[in-house]
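# An overview of the molecular structure
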Amino acid sequence: MYKHTAEALVYATHTDCAIESLSARIGKYCGAIRHLETGRILDFGEGKAIIRSTEGALLFRVSARDILTFYGIQALLQGSLSVIATFPGEAVEWRPVYSAPLDSTLDPMRG
């Protein structure tokens, strides 16, 4: 289980295209990308990021075993947001996640 986890919601149009653009841009920095029905899981070895499409927004979730990997993945995502948005990356509000989702068996971030 990962020690550090946070989520952010970013409003965007054309979320499917945004996920494709982000995956292409970030893909060269991660070990593997798994495709989900509504998003992608980016595996960085000691940490993971998930990008999910919701109605009119993208949900980002970053989890990592150590704080350096956690902030590294978070910075990479924020820096890549210029591909899909016209606001500065500092405008993204990351919220810590302290507990597992209601149905942790459906959470692709576990493990």
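Just above sits the structure.
Note that residues are indexed from 1 along each chain, following the sequence as it is written. Only residues with pLDDT of at least 70 get local features here, since the model is predicted, and only at 80 or more are side-chain atom pairs given and counted; chain-wide, interface and lining totals rely on the full set of residues. Hydrogens are left out, water is left out, and the side-chain values use all remaining heavy atoms of the structure.

## Quick word on the overall build of the chain
Secondary structure elements are defined from DSSP: runs of H or I of at least 4 residues count as helices, runs of E of at least 2 residues count as strands, and each element is numbered from the N terminus. Scanning the chain from N- to C-terminus turns up two helices and six strands. Across the chain, helices and strands are ordered from the amino to the carboxyl terminus as β-α-β-β-β-β-α-β. When the accessible surface of the chain is totalled, it reaches about 6500 Å², and 53% of it is carbon and sulfur. In this description, accessible areas are obtained by the Shrake-Rupley approach with a 1.4 Å probe, and a residue is regarded as covered only by the protein chains that are shown.

## As for the side chain of serine 23
By secondary structure assignment, the location of serine 23 is in helix α1 (residues 15-26). The classification of residues rests on relative accessible area computed with a 1.4 Å probe and restricted to protein chains. Under 20% of the type maximum is buried, over 50% is exposed, and intermediate values are partly exposed. Classification of serine 23 as buried rests on a relative accessible area of 6%. A distance of 2.8 Å separates a polar side-chain atom of serine 23 from the backbone oxygen of isoleucine 19. N or O atoms within 3.5 Å of each other form a polar contact, as long as, within protein, one can give a hydrogen and the other can take it, and as long as residues adjacent in sequence are counted only when both atoms are side-chain atoms.

## Overview of the sheet that holds strand β2 (residues 32-36)
Note on sheets: strands pair through backbone hydrogen bonds, and any given pair is parallel or antiparallel. The pairing criterion is simple: DSSP has to find at least two bridges between the two strands. Spatial ordering of the open sheet is given by β2-β3-β4-β5-β1-β6, a layout of six strands whose pairing is antiparallel. At either margin of the open sheet sits one strand with a lone partner, and together these are β2 and β6 (95-96). Contact criterion: two residues are considered in contact whenever any of their non-hydrogen atoms come within 4.5 Å of each other. Note on geometry: axes are lines fitted to C-alpha atoms, helical ones only across the stretch in contact, with angles between N-to-C directions running from 0 to 180 degrees. In this fold helix α2 (residues 67-80) packs onto β1 (4-11), β4 (47-54) and β5 (57-64), with an angle of close to 160° to the strand it touches most, β5.

## A short note on α2
Here, expected helix span is obtained from the residue count minus one, scaled by 1.5 Å. The terminal C-alpha atoms of α2 lie 20 Å apart, and with 14 residues this matches the ideal 20 Å at 1.5 Å per residue to within 8%. Contacts from the buried residues of α2 go to β1, α1, β4 and β5.

## Considerations on the packing of α1 against α2
Between α1 and α2, whose axes approach to 10 Å, the crossing angle comes to 125°. In terms of axis orientation, α1 runs oblique to α2. Like other packed secondary-structure pairs, α1 and α2 cross with a definite hand, here right-handed. Contacts between α1 and α2 pair Leu22, Arg25 and Ile26 from the former with Leu76, Leu77 and Ser80 from the latter. In terms of residue class, the contact of α1 with α2 is built from four nonpolar, one polar and one charged. Geometric relationships in this document are graded by angle, where less than 35 degrees denotes roughly parallel, more than 145 denotes roughly antiparallel, 65 to 115 denotes roughly perpendicular, and other angles denote oblique. Here a crossing is taken to be left-handed if its near helix is turned anticlockwise relative to the far helix by less than a right angle, and right-handed if that turn runs clockwise. Amino acids are sorted into nonpolar (Ala, Val, Leu, Ile, Met, Phe, Trp, Tyr, Cys and Pro), charged (Asp, Glu, Lys and Arg) and polar (every other residue, Gly among them).

## Regarding the pattern of salt bridges
The working definition used for a salt bridge is a side-chain nitrogen of Lys or Arg within 4 Å of a carboxyl oxygen of Asp or Glu. Under the counting rule described, the total for this entry stands at four salt bridges. A salt bridge links glutamate 7 to arginine 61; the nearest nitrogen and oxygen atoms lie 3.7 Å apart. Highlighted residues: glutamate 7 in strand β1 and arginine 61 in strand β5, separated in sequence by 54 residues. According to the relative accessible area criterion, glutamate 7 is partly exposed, its value standing at 25%. A salt bridge links arginine 40 to glutamate 20; its shortest N-O distance comes to 2.1 Å. Of this pair, arginine 40 sits in strand β3 (residues 39-43) while glutamate 20 sits in helix α1; the two residues are 20 residues apart in sequence, bridging distant segments of the chain. You can call glutamate 20 partly exposed: its relative accessible area is 45%.

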